[in-house]
Amino acid sequence: MHIKKSMKMADVIQMNYMLIPVIHRFGIELGFGDKTVDQVCEENEVDLNFFLQLVNAYHDQDYFPKEELQSIPVREIIAYLKMTHASYLNNTVTDIEQKIKSLELEGNEDKKYIALIRNFFEGYKSELTEHIMREEDVVFPYVLAVDEIIKSEQFTDKNKKVFESFSIEEYEEEHDDVEEKLMDLRTIMIKYVAPPANTNLYHSIIQDLFRLEEDLNYHSRIEDKVLIPKIILMEKSIKNLF
């Protein structure tokens with residue numbers, strides 16, 4: 001069942017509570033009463049079409065509206081990707097870190113294995129942070145400069161400098177798989193480490209890793225299947241203009 005604009009936003013959450021962080025990334029907070037998706041998006045100045053395409057894609061793994069997402073303004077896509085980055089670093093990754101530290105502080109006989117998991121996750125966090133900072137500092141400013149040039153049909157000293165310093169094909173070639181290390185950690189925890197005394201917390205960490213990997217996969221699909229092809233076409237248009 002796809003999510004429609006006439007549905008109550010509260011019913012959307014009841015149908016799939018995993019959408020709570022996705023909705024939050026749009027700046028939408030809980031407490032919307034009986035308001036519909038359409039009403040909530042309008043009140044929060046959220047593009048309704050973009051919201052529906054994204055939440056349906058998260059809700060149904062077989063649903064990926066590539067053509068519809070291609071019609072979304074570049075600035076909307078970048079704003080969402082930035083909110084996703086902030087969610088990863090400030091919430092998801094931090095929460096997993098705290099759970100691992102809690103296991104370590106219990107001081108049981110499994111402490112050396114928990115320390116191994118902590119060190120592995122810290123290495124992953126460092127890689128993810130580097131990946132995100134590269135996008136925030138280089139890729140996204142470039143994408144926004146391309147968008148500005150297309151809209152204005154002219155170069156400024158600033159956007160010309162940015163445009164000439166990079167290309168989206170460079171990003172496509174270097175776009176690394178940040179999920180691979182995460183999968184390695186999950187595999188180690190499932191296959192090679194005996195669960196510590198606090199199995200509930202240990203299982204919770206594994207579940208969090210699964211959810212983060214799934215979220216990152218979708219994040220990458222937006223970048224690889226929507227943003228990159230969109231910018232490649234815009235680059236070609238700019239070269240034809242000038």
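Residues numbered from 1 in each chain as written. Predicted model: local features only at pLDDT ≥ 70, side-chain atom pairs only at ≥ 80, totals over all residues. Heavy atoms only, no water.

1. Details of the overall build of the protein
Applied cut-off: In this description a helix means any DSSP run of H or I spanning at least four residues, a strand means any run of E spanning at least two, and both kinds are numbered starting from the N terminus. Working definition: with a 1.4 Å probe on protein chains only, accessible area under 20% of the residue-type maximum means buried, over 50% means exposed, and in between means partly exposed. Contacts: residue pairs with any heavy atoms within 4.5 Å of one another. For the charge count, each Lys or Arg is scored as positive and each Asp or Glu as negative, with His and the chain ends excluded. For charged residues, the charge sits on one atom: NZ in Lys, CZ in Arg, CG in Asp, CD in Glu.
For the protein, the count of helices and strands is 11 helices and zero strands. When the elements of the protein are put in sequence order from the N terminus, they spell out α-α-α-α-α-α-α-α-α-α-α. C-alpha extents for the protein along the principal axes are approximately 65 × 45 × 25 Å. With 242 residues in all, the protein has 44% of them scored as buried. For the protein, long-range pairs separated by at least 24 residues make up 75% of all intrachain contacts whose partners lie at least 6 apart in sequence. Once the 28 positive and 47 negative side-chain charges of the protein are each reduced to a mean point, those two points are 1 Å apart.

2. Digging into the domain arrangement of the protein
Here is the rule: Throughout the structure description, domain borders are defined by an automatic or database domain assignment. Once two parts are brought into contact, the accessible area they lose, counted with a 1.4 Å probe and summed over both, makes up the buried area. Think of a salt bridge as a Lys or Arg side-chain nitrogen and an Asp or Glu carboxyl oxygen that are within 4 Å of each other. Any pair of nitrogen or oxygen atoms within 3.5 Å is treated as a polar contact; in protein, a donor-acceptor pairing is required on top of that, and neighbouring residues in sequence qualify only through side-chain atoms on both sides. The classification used treats Ala, Val, Leu, Ile, Met, Phe, Trp, Tyr, Cys and Pro as nonpolar, Asp, Glu, Lys and Arg as charged, and all other residues, Gly among them, as polar.
With domains assigned, the protein is organised as domain 1 (9-68) and domain 2 (73-241). Each side of the interface is counted separately: domain 1 has 16 residues, and domain 2 has 15 residues. Interface area for domain 1 against domain 2, summed over the two sides, is near 1500 Å², with a carbon-plus-sulfur share of 61%. When the buried surface of domain 1 facing domain 2 is broken down by residue, R25, Y58 and F64 rank first, second and third, together holding 47% of it. Run the count over domain 1 and domain 2 and you get one salt bridge. For D215, the salt bridge goes to R25, with nearest N and O atoms at 2.6 Å. Connecting domain 1 to domain 2 are three residue pairs in polar contact (both at pLDDT 80 or more). Mapped onto the side of domain 1 that touches domain 2, the elements with two or more residues apiece are α2 (20-24) and α4 (48-59). Among the elements that take part in the side of domain 1 that touches domain 2, α4 stands out by supplying five residues, more than any other. For the side of domain 1 that touches domain 2, a count of residues per class yields nine nonpolar, four polar and three charged.

3. Observations concerning the side chain of D147
Mapping D147 onto the fold places it in helix α7 (residues 111-152). Once residues lying within four places of it in the same chain are set aside, the contact partners of D147 are V74, R75 and M234.

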